[in-house]
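What follows is each chain in one-letter form.
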Amino acid sequence: DKYGFSVGEGLYTDMNAIRRDEETDNIHSIFVDQWDWEKIITKEDRNIETLKETVRTVYKVLRKTEKYMSIKYDYIQEILPKDIFFITTQELEDVFPDVSSPKEREYYIAKAKGAVCIMQIGDVLENGERHDGRAPDYDDWSLNADIVVYYPVLDIALELSSMGIRVD
């Protein structure tokens, strides 16, 4: 109400920062360029279908960007599958019960499916561990997700987006 946004409207930010304590590798740098957006939704839209529809929309844009880049630069190939696969952290743990690390489970599912939306991150799994951390005052642990793709050049599961419906 303070900023006059209506349902379906919101705020977009592009933050640049230096994280000098970051451990660098092939996908992490001390320079961070992070994009965030928030959109006003109704109480009725606080559900898993709204989250999935948003994931599908973001994924469609990622695929369009990949297509554009592959046309513009002949050395870039399209590798993303047409559809994204949805799975919760508990389902992921159930599929790979003998794999102890959540990051390893992400790798195996991303390699198998090409693109995956991992949902419900933050709460304790049946094995007594958390898949990954999420802020309880910010993320609704039942309505959040990461978009993870398999990146064959580095043979890794690469997180492209972290998102969710915020706590009410």
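Treat the numbers as computed from the prediction; the structure is a model and nothing was measured.

(A) Structural view of the overall build of the protein chain. Broken down by element type, the protein chain carries three helices and six strands. Ordering the α and β elements of the protein chain from the N terminus gives β-β-α-β-α-α-β-β-β. By the compact-globule yardstick of 15 Å for 168 residues, the protein chain fits well, its C-alpha radius of gyration being 17 Å. Considering only C-alpha atoms, the protein chain reaches an extent of 45 × 45 × 35 Å along its principal axes. With 168 residues in all, the protein chain has 31% of them scored as buried. When contacts within the protein chain are restricted to residue pairs at least 6 apart in sequence, long-range pairs at least 24 apart make up 57% of them. Approximately 11,200 Å² of the protein chain is accessible, and the part contributed by carbon and sulfur atoms is 52%. Separation between the mean location of the 21 positive side-chain charges and that of the 35 negative ones in the protein chain comes to 5 Å.

(B) Here's a closer look at the packing of aromatic side chains. Applying the stated criterion across every chain, the model contains five aromatic pairs. Seen in terms of ring centroids, Tyr3 and Phe5 are 6.4 Å apart; in terms of plane orientation they differ by 35 degrees. Their pairing is tilted. Taken together, a centroid distance of 5.7 Å and an interplanar angle of 35 degrees make the contact between Phe96 and Tyr108 tilted. Here the residue Phe96 occupies a position in the loop between α2 (89-95) and α3 (102-113), and Tyr108 occupies one in helix α3, the gap between them amounting to twelve residues. Under the relative-accessibility criterion, Tyr108 is labelled partly exposed at 37%. A connected cluster of aromatic rings, assembled from ring pairs, spans Phe96, Tyr107, Tyr108 and Tyr150. The lysine or arginine in question, Lys52, covers the ring of Phe86, its NZ or CZ lying 5.3 Å from the ring centre. In this structure, Lys113 is placed above the aromatic ring of Phe85, and the distance from its NZ or CZ to the ring centre is 4.4 Å.

(C) Examining the sheet that holds strand β4 (residues 115-119) more closely. Taken in spatial order, the four strands make up an open sheet running β3-β4-β5-β6, and their pairing is mixed. Of all the strands in the sheet, the pair left with one neighbour each is β3 (85-88) and β6 (156-166). Put simply, the sheet's adjacent strands are angled 25 degrees from each other on average, direction ignored. Inspection of the sheet shows β3 paired to β4 by four bridges, in the parallel sense. Each residue of the ladder has a partner; that of Phe85, found in β4, is Val116. In this fold helix α1 (residues 48-72) packs onto β3, β4, β5 (139-151) and β6, with an angle of close to 25 degrees to the strand it touches most, β5. Together, β3, β4, β5 and β6 form the strand contacts of α3, whose direction differs from that of β5 by roughly 60 degrees.

(D) Examining the environment of Asp94 more closely. Checked against the element boundaries, Asp94 lands in helix α2. Asp94 sits in the partly exposed class, given a relative accessible area of 45%. Put simply, Asp94 and Glu126 are 32 residues apart on the chain and 9.1 Å apart in space, counted from C-alpha to C-alpha.

(E) Highlighting the pattern of salt bridges. Taken as a whole and judged by the stated rule, the model has seven salt bridges. In this structure, Arg166 and Glu38 form a salt bridge, with 3.5 Å as the shortest nitrogen-oxygen distance. Taken together, the residues Arg166 in strand β6 and Glu38 in strand β2 (residues 31-39) connect sequence positions 128 residues apart. Taking the relative accessible area as the measure of exposure, Arg166 reaches 21% and is therefore partly exposed. Within this structure, Glu49, Glu53 and Arg56 form a network of salt bridges that share partners.

(F) View of a nonpolar patch on the surface. The grouping of Tyr3, Phe5, Val7, Leu11 and Ile40 at the surface amounts to a nonpolar patch, some 510 Å² of accessible area in total. Structurally, Val7 is set in the segment before β1 (10-18). Relative accessible area serves as the criterion here: at 53%, Val7 is assigned to the exposed category.

So, how was this worked out
- Residues numbered from 1 in each chain as written.
- Predicted model: local features only at pLDDT ≥ 70, side-chain atom pairs only at ≥ 80, totals over all residues.
- Heavy atoms only, no water.
- Helix = DSSP H or I, 4+ residues; strand = E, 2+ residues; numbered from the N terminus.
- Rg over C-alpha atoms; globule rule 2.2 N^0.38 Å.
- Buried < 20%, exposed > 50% of the residue type's maximum accessible area, 1.4 Å probe, protein only.
- Contact = heavy atoms within 4.5 Å.
- Areas by Shrake-Rupley, 256 points an atom, 1.4 Å probe, with all protein chains shown as cover.
- Lys, Arg positive; Asp, Glu negative; His and termini not counted.
- Charge placed at Lys NZ, Arg CZ, Asp CG, Glu CD.
- Phe/Tyr/Trp six-rings, centres within 6.5 Å; stacked < 30°, edge-to-face > 60°.
- Lys NZ or Arg CZ within 6 Å of the ring centre and 35° of its normal.
- Pairing = 2+ DSSP bridges.
- Axes fitted to C-alpha atoms, helices over the stretch in contact; angles between N-to-C directions.
- Salt bridge = Lys/Arg side-chain N within 4 Å of Asp/Glu carboxyl O.
- Patch = residues over 30% accessible without salt bridge, like charges linked within 9 Å, V, L, I, M, F, W, Y side chains within 5 Å.

None of the figures reported here should be taken as evidence of function without further support.
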